[in-house]
Amino acid sequence: MVRPAAPVLLLCGYYGEHNLGDDALLQVLVSSLPQPQQLLITARDPAPVLALAPSAQTVNRRSLRCCLRAALRADVLVLGGGSLLQDSTSFSSLVYYLLLMTVARLGGAEVVLWGQGLGPLRRRISRLLVRMVLPFCKAASWRDQRSFDWAQRWAPKLPMVLAADPVWQMPARPWLGGDAIVLSWRPTPLLNDQEWEVLLKALDLLSAELKAPVIWLAFHEHQDGPLLDQLWNRGLMPTRLRERSTTQAAKSLDAVFTTVDQARLVLPMRLHALILARLGGSPMVALSYDPKVEAAAVEADVPFVRLSELPGVDELLGLWRSALDQPADVQSVERLRCLASGHASVLEATVQR
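Below you will find a few notes about this structure.

1. So, empty space enclosed by the protein
Point 1. The tally for this structure, following the rule as stated, stands at 2 cavities of 30 Å³ or more.
Point 2. What the largest cavity holds in volume is close to 40 Å³.
Point 3. If you trace the largest cavity, you find it lined by Leu183, Trp185, Trp216, Leu217, Ala218, Asp224 and Leu227.
Point 4. Of the residues forming the lining of the largest cavity, the biggest block, 3 residues, is contributed by strand E9 (residues 214-218).

Take a look at the structure:
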């Protein structure tokens, strides 16, 4: 088959699943690509993807057959952002991405890992498979030191860079100040009913003290959107807090900035909620359900608590009060924006006419 003049790029990720963090990654990735190129993008729902890349064609990411056909058509396969090479979601998810990488390489395409986190890999077979497939790649960029170190051990000849999460490249803006408490909380097995009650009691006391509305910003519409009602229906939430609370689905990145601009305090669990709110200068304390959230909090000078070591109500209140109305340091944010630009180098080196 005669290849077209412009290379065919297959961008593969958790796109079109109504998770705003992945939409942010895709927006940064598309804006970083050299021109010209033809884009194929894996997506569950094409609409939000085509809003970001109107000239692209979408491929049903939940159809392995369609994705394998696209991998054979591509000149370059880019695994774009997130932690795709992990087995905590499911072992089949890991196999899906490794199979796409292998088939693309057998079809003559270059394989690029962009803005990736590596792991968790809890199964021995998972680690073995990743070690086997990593050397197939042309280049890789990693978003955290742990992933970079693993990749260096497992594929020492693979050209790679370490940079801050790609979403840090999005424009920063000054914090305007507000009166709300904004949450980006998600369901998590790390919290039992008693621990949820601790979080909710502290939140109730703080919101009552400040007379503040509480906005539950759902970054993943299907996972996070029902959380407020679920906690209320389980009898875990004080009535006073329920009356102050509203759920707001994050439909766009601009909507996120508009919401966090209203905040005296942001309490994110979601990684990209942390990053986007910090780009907006917001005061915050992170709640870490995963090492990637903790790593980003440390990197951005954001205080945090681990959900696996949840403190009591008084300690949470003290930490949250100390962060109120304390905007992000502008120089710290700009440093991270500069560090994040390193991901572009792997695209410049491999995606060319």
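Now that the structure is up, let's keep going.
2. Quick notes on unusual backbone geometry
Point 1. Look at the link from glutamine 35 to proline 36: it is a cis peptide, with omega at -5°.
Point 2. Mapped onto the elements, proline 36 comes out in the loop between helix H1 (20-32) and strand E2 (38-43).
Point 3. Of the consecutive residues glycine 119 and proline 120, the connecting peptide bond is found in the cis state with omega at 5°.
Point 4. With a phi close to 55°, lysine 211 is a non-glycine residue in the positive phi region.
Point 5. Tracing the sequence through the fold places lysine 211 in the loop between helix H7 (193-210) and E9.
Point 6. With phi around 60°, aspartate 301 is a residue other than glycine that occupies positive phi space.

3. As for the layout of surface pockets
Point 1. Taken as a whole, the largest pocket holds about 1300 Å³ of empty space.
Point 2. Taken together, 43 residues line the largest pocket, and the ones lying closest to its centre are Ser83, Gln86, Ser88, Thr89 and Lys292.
Point 3. Contributing elements (two or more residues each) for the lining of the largest pocket: H1, strand E4 (76-85), helix H4 (91-106), strand E5 (110-118), helix H6 (145-154), helix H12 (271-279) and helix H13 (291-299).
Point 4. Grouping the constituent residues of the lining of the largest pocket by class yields 15 nonpolar, 17 polar and 11 charged.

4. What to know about the packing of helix H3 (residues 64-73) against H4
Point 1. Look at H3 against H4: their axes get within 8 Å of each other, and the N-to-C directions meet at 30°. If you check the angle between H3 and H4, you find them roughly parallel. Considering how the two elements wind past one another, H3 and H4 form a crossing that is right-handed. Residues Leu64, Cys67, Leu68, Ala71 and Leu72 of H3 form the contact with H4, whose participating residues are Tyr96, Leu99, Leu100, Val103 and Ala104.
Point 2. Per-class residue counts for the contact of H3 with H4 are 10 nonpolar, no polar and no charged.

5. Topic: the packing of H7 against helix H14 (residues 313-323)
Point 1. Running from amino to carboxyl end, H7 crosses H14 at an angle of 45°, the nearest separation of the two axes being 9 Å. Classified by the interaxial angle, the pair formed by H7 and H14 is oblique. Both H7 and H14 take part in a crossing whose hand is right-handed. Of the residues in H14, those in contact with Val198, Leu199, Lys201, Ala202, Leu203, Leu205, Leu206 and Glu209 of H7 are Val313, Leu316, Leu317, Trp320 and Arg321.

6. A look at the sheet that holds strand E10 (residues 245-249)
Point 1. Pairing is parallel across the open sheet formed by 4 strands, whose spatial order is E10-E9-E8-E11. Edge strands, defined here as strands with exactly one partner in the open sheet, are E10 and strand E11 (263-268). Ignoring strand direction, the axes of neighbouring strands in this sheet form an average angle of 25°.
Point 2. Pairing between strand E8 (residues 180-184) and E9: 3 bridges, direction parallel. Across the sheet, the residue bridging to leucine 183 is tryptophan 216, located in E9.

7. Some thoughts on the pattern of salt bridges
Point 1. Tallied over the entire structure, the rule returns 15 salt bridges.
Point 2. Where arginine 270 meets aspartate 224, a salt bridge forms, and the shortest distance between an N and an O atom there is 2.8 Å. Residue arginine 270 is found in the loop between E11 and H12, and its partner aspartate 224 is found in helix H8 (residues 221-224); the two are separated by 46 residues along the sequence. Like aspartate 224, arginine 270 is buried.
Point 3. The residue arginine 306 makes a salt bridge to glutamate 309 at a minimum N-O spacing of 3.4 Å.
Point 4. Here the salt bridges share partners, and the residues they tie into one network are Glu17, Arg61 and Arg62.

8. As for the pairing of E4
Point 1. Taken across its 10 residues, E4 has 9 buried, putting it largely inside the fold.
Point 2. Relative to E5, E4 runs parallel, the two being bridged by 7 bridges. In the sheet register, valine 78 faces E5, and the bridge partner there is valine 112.
Point 3. Of the crossover connections in this fold, the one passing from E4 over H4 to the parallel E5 is right-handed.

9. Observations concerning the pairing of strand E3 (residues 57-60)
Point 1. Relative to E3, E2 runs parallel, the two being bridged by 4 bridges. Counted as the bridge partner of leucine 40 is glutamine 57 from E3.
Point 2. In this view, the connection linking E2 to its parallel neighbour E3 by way of helix H2 (residues 46-52) has right-handed handedness.

10. Section: helix H5 (residues 124-133)
Point 1. Where H5 is concerned, the buried positions are Ser126, Val130 and Val133. Along the axis of H5, the buried positions cluster into a sector of 70°, meaning they face one direction only. Exposed and facing more than 90 degrees away from the buried side of H5 are Arg124 and Met132.
Point 2. Looking at the buried residues of H5, the elements they touch are H4, E5 and H6.

Criteria and thresholds
Residues numbered from 1 in each chain as written. Predicted model: local features only at pLDDT ≥ 70, side-chain atom pairs only at ≥ 80, totals over all residues. Heavy atoms only, no water. 1 Å grid on protein atoms, 1.4 Å probe; cavity = no way out; pocket = protein on both sides within 12 Å on 5 of 7 lines; lining within 4 Å. Points joined across faces, edges and corners; volume = space filled by probe spheres on them. Helix = DSSP H or I, 4+ residues; strand = E, 2+ residues; numbered from the N terminus. Nonpolar A, V, L, I, M, F, W, Y, C, P; charged D, E, K, R; others polar. Axes fitted to C-alpha atoms, helices over the stretch in contact; angles between N-to-C directions. Parallel < 35°, antiparallel > 145°, perpendicular 65-115°, else oblique. Left-handed = near helix turned anticlockwise from the far one by under 90°. Contact = heavy atoms within 4.5 Å. Pairing = 2+ DSSP bridges. Salt bridge = Lys/Arg side-chain N within 4 Å of Asp/Glu carboxyl O. Buried < 20%, exposed > 50% of the residue type's maximum accessible area, 1.4 Å probe, protein only. Right-handed = clockwise from strand over helix to strand, strands pointing away. Arc of directions from axis to C-beta.

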